Amino acid sequence: MKGNLRRGARRIAPSCFVLIATICGCDEHALSSRTASSDCTSPTVALVGDFVIATEEDMAMLIPAGDECFSITGDLTIAETNLTHVEGLRHLISIGGDLRIRFNSALTSLAGLENLSNIDGGLRIRFNDHLPSLRGLNNLTGIHGDLHISFNDELASIEALSGLTGIGEDLDIFDCDALASLKGLERLSSVGGFLQIGDNRQLMNVEALGALTRIGGSLRIVQNQSLKSLDAFDRLTQVGGFTIENNPMLATQSAQALADRLRAGGFAGEVIIDGNQT
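Residues numbered from 1 in each chain as written. Predicted model: local features only at pLDDT ≥ 70, side-chain atom pairs only at ≥ 80, totals over all residues. Heavy atoms only, no water.

(A) Geometry of the pairing of strand 17 (residues 218-222). As paired elements, strand 15 (residues 195-198) and strand 17 share four bridges and run parallel to each other. Residue pairing for strand 17: Ile197 is matched across the bridge by Ile221. (Pairing = 2+ DSSP bridges. Helix = DSSP H or I, 4+ residues; strand = E, 2+ residues; numbered from the N terminus.)

Encoded structure:
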C-alpha cells in the first residue's frame, strides 16, 4: 500500500472489491466470493495474500464494497501508524496467517475487531505505548500460532481474551508495566510451546492460569517484581522445562514446591530456581 508496503504485501485496486460473476483483472491478490452472511459469521469475500496497514487510507482500501464480511488468507500487519483505533476492520472475520499490531504510538483501542474469531497464525501485540486494553478481541476463540504481548506500557487488561482455550505455540507476556493480573485467560488449558511471563512490574499473581494443564515447552517466570504466588498452577501436570528466577517477592519455597510436584508427576527436565525471595 503505497510506500508502506512490505515485501509480499500489495495494494489492492478498489475495483477488485466488487463481487461479480468473474474476477476482475487482479493479480494473485484477487478476491474470491463466498456465500453472503449479513451477521458476519462467515466471510463473503476472501482477500488473498499479506497486507500492511500504515495509514487510514490503507485500512479503507481493505474494506470491500458494500461493507461485506471478509477474511484475509495471509498476514495482516498494522504497524508504525498514527491510528487511534481500527474500527474500519469491523467486518473482518478471520486471518489465515499472523496478526501483528506493533509500534503504533497513538493506538488507544482495538475496537473494530469484534467480529474476528480465528487466527490461523500468531497474534503479536507489541510496542503500542498507549493501548490500555485488548477490548475488541472479545470474540477471538482460536490462535493456532504464538501469542506475544509485550512492551505495551499502558496495557492494564487482557480480559478480552476470555474466549481462548488453547494456544498452538508460544505464549509470551513480557514487559507490560501496567498489567496487574492475567484475568481473561481463565479458560486457557494448553500452550503448545513455551510459556513466558517476564518483567511485568505490577503483576501480583497468575491466578487466571488455574485451568492450565499442559505446556509443551518451558515454563519461564522471570523478573516480575511484584509477583507473590504460583498457586494457580495446581492443575499443571506437563512442562518441557522449568525456570523461575529473579522474582523478588516470590518465595523460593513456592517455586520449589511446584517443581517438586511436577517431578513427582514424571517431569525430568532441567529446573532453574534462582534470585527469588529466600
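(B) The sheet that holds strand 11 (residues 147-150), seen in detail. A sheet is described by the order of its strands in space; here 10 strands give the open sequence 3-5-7-9-11-13-15-17-18-19, paired in parallel fashion. Strands at the two margins of the open sheet, each flanked by one partner only, are strand 3 (51-53) and strand 19 (271-274). The average angle at which neighbouring strand axes cross in this sheet is 5°, direction not considered. (Axes fitted to C-alpha atoms, helices over the stretch in contact; angles between N-to-C directions.)

(C) Quick peek at the environment of Phe70. As for its placement among the helices and strands, Phe70 is situated in strand 4 (residues 70-72). For the pair Phe70 and Val45, spaced 25 residues apart in sequence, the C-alpha separation works out to 4.6 Å.

(D) Representation of the side chain of Asn247 in the model. Within the secondary structure layout, Asn247 lies in the loop between strand 18 (241-245) and helix 2 (252-264). The class for Asn247 is buried, based on a relative accessible area of 0%. A distance of 2.9 Å separates the side chain of Asn247 from the backbone nitrogen of Asn224, its partner in a polar contact. Side-chain polar atoms of Asn247 contact the backbone oxygen of Glu245, separated by 3.1 Å. With residues up to four places along the chain from it excluded, the contact list for Asn247 reads Ile221, Val222, Gln223, Asn224, Leu227, Gly275, Asn276 and Gln277. (Buried < 20%, exposed > 50% of the residue type's maximum accessible area, 1.4 Å probe, protein only. Polar contact = N/O pair within 3.5 Å; in protein donor to acceptor, adjacent residues only side chain to side chain. Contact = heavy atoms within 4.5 Å.)

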